[in-house]
Amino acid sequence: MTTFIRGGLVVGPVSAQPLDVLVDGERVVALLAPGDTSLGADLAASADRVIDATGKYVVPGGVDAHTHMELPFGGTFASDTFETGTVAAAHGGTTTIIDFAVQRTGERVQDGLTAWHEKAAGQCAVDYGFHQIIGGVDDESLKAMDELVDEGITSFKLFMAYPGVFYSDDGQILRAMQTASSNGSMIMMHAENGMAIDVLVQQALAQGHTDPVYHGLTRPWETEAEATNRAIMLARLTGAPLYVVHMSAKQAVSVLQANKDEGWNVFGETCPQYLYLSLEDQLAAPGFEGAKWVCSTPLRAKAEHHQDELWRYLRTNDLSIVSTDHCPFCFKEQKELGLGNFSKIPNGIGSVEHRMDLIYQGVVDGRISLERWVELCSTTPARMFGLYGRKGDIRPGFDADVVVYDPAGRTEIGLHKTHHMNMDHSAWEGFEIDGHVDTVISRGTVLVDGGEYHGVKGHGEYLKRGLSQYLI
Ligand SMILES: [Zn+2]
Ligand SMILES: [Zn+2]
């Protein structure tokens, strides 16, 4: 089966060129200048399928390096399964996800990983890999880290927040970082000072402050900046590479930037919600409405001016990646668990479907270049987590994960508009994007075309990842 994508502007991390793309089976086999006849005089006539991309961008499929399908949290589960969440991802032009297998405090790492393989196998619309959450650092889990690297799980997430659930103390973090330093893997950090936050939460509740906005007010930027600094210092001490997830405070990124500039292997991601949504406009919505936007790190105050700084850090590569931290919960019966007590609201926002569109809007708005959009959403996540060579670019030999994106199109996000995630609301209700995902191809198979889903359950394969390709 050959596919010929002709007439488009092929956008990669360093260039945007008019090129035709020839796909054979699951791989890209050639990029051809328009009119190039070296592989035949009329490829459009001989190909099994022709996709006309005239006037459109042809970009590598998105790689979302941070999702939580079916995550157990706060007495419930994230509402997207691997099936529903990856279908939504496909609709939005994301053809690879890296989800987090979970070891909670008191559980065994290998049991958590086995459970994650069982949830995902045969269910996914797009390809998937795993990071491993280490929620209990001890001799056994450190040994498991070495074993997992051989199984293609080359990054481990630790938490400085959520005592009793996922939390690691500084000594545990140090030991896990020493292990990562010796086996070449990456430490991913949820950097918030959970001990301080829990005191602020108890004090707020004691004063009768129960509304969702207090979720943000009890996790001020200082708790993120302090934890980020501490994580970086521990990483420096051990030589482990560090990737700080879901950064929202400009002060935390500033610390990261300073250490990057000194040559340390420290990286950061942010998420669409921190670039567009705020404490005042969403989290402080009247009544219990703000629960829709409870996530950690929290949406921050517009008055503190984080958003422009985060966009700037994306442009200057002080932030390397935009992931979603997709962790959807329905409003009814899930977010509502926190009625009368904001600390019981399950943490998370659903965005896996909208990341490519939302960050493309940054191109339209003049905040980042077209090439940087592709780099932030596809190429860098692939390289950061050991998938480059298959994912993250359109080149001969790479998987044919291709999105035809229409810059003249329009996307209206919302529950009864563009919305395929398994949620009863959208955190992005009413957002409109000056662009549109037209066609989505995963390993040579058309998953989405003109808004119609053509994929099949189980098309998505497990990806055994290599070590980060940013390290020497
Ligand atoms: Zn986190
Ligand atoms: Zn997360």
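Our structure is the block above this text.
Residues numbered from 1 in each chain as written. Chains lettered and ligands numbered in written order. Predicted model: local features only at pLDDT ≥ 70, side-chain atom pairs only at ≥ 80, totals over all residues. Heavy atoms only, no water.

Caption draft 1: Representation of the environment of Cys 377 within the structure. In this fold, Cys 377 is placed in helix H14 (residues 370–384). Looking at Cys 377, the relative accessible area reads 0%, which means it is buried. Through-space distance from the C-alpha of Cys 377 to that of Ala 301 is 25 Å; in sequence the pair is 76 residues apart. Setting aside residues up to four positions removed in sequence, Cys 377 forms contacts with Gly 62, Val 63, Arg 355, Met 356 and Ile 359. (Helix = DSSP H or I, 4+ residues; strand = E, 2+ residues; numbered from the N terminus. Buried < 20%, exposed > 50% of the residue type's maximum accessible area, 1.4 Å probe, protein only. Contact = heavy atoms within 4.5 Å.)

Caption draft 2: Here's a closer look at the coordination of the zinc ion (ligand 2). The zinc ion (ligand 2) binds to the protein through His 66 (NE2), His 68 (NE2) and Asp 325 (OD); the donor distances cover 2.0 to 2.2 Å. Each donor residue of the zinc ion (ligand 2) belongs to the same chain, with the gaps between them written as H-x1-H-x256-D. In this structure, the zinc ion (ligand 2) lies 3.7 Å away from the zinc ion (ligand 1). Of this pair, His 68 sits in the loop between strand E8 (62–67) and strand E9 (72–73) while Asp 325 sits in the loop between strand E17 (321–322) and helix H13 (355–364); the two residues are 257 residues apart in sequence, bridging distant segments of the chain. By relative accessible area, His 68 is classed as buried at 4%. (Donors = N, O, S within 2.8 Å, 3.2 Å for Na, K, Ca; no water.)

Caption draft 3: Structural detail: the sheet that holds E17. The strand order across the open sheet formed by eight strands is E8-E11-E12-E13-E14-E15-E16-E17, and the pairing between neighbours is parallel. The open sheet has two free edges, formed respectively by E8 and E17, since each of these has just one partner strand. Across eight bridges, the pairing between strand E11 (residues 94–103) and strand E12 (residues 127–134) is parallel. From the neighbouring strand, Ile 97 faces E12, where its bridge partner is Tyr 128. Helix H5 (residues 170–183) rests against strand E13 (155–159), strand E14 (186–190) and strand E15 (242–244) of the sheet, and its axis sits at about 150° to E14. Those strands touched by helix H8 (residues 221–238) are E14, E15 and strand E16 (266–270), and its axis lies near 170° from that of E15. (Pairing = 2+ DSSP bridges. Axes fitted to C-alpha atoms, helices over the stretch in contact; angles between N-to-C directions.)

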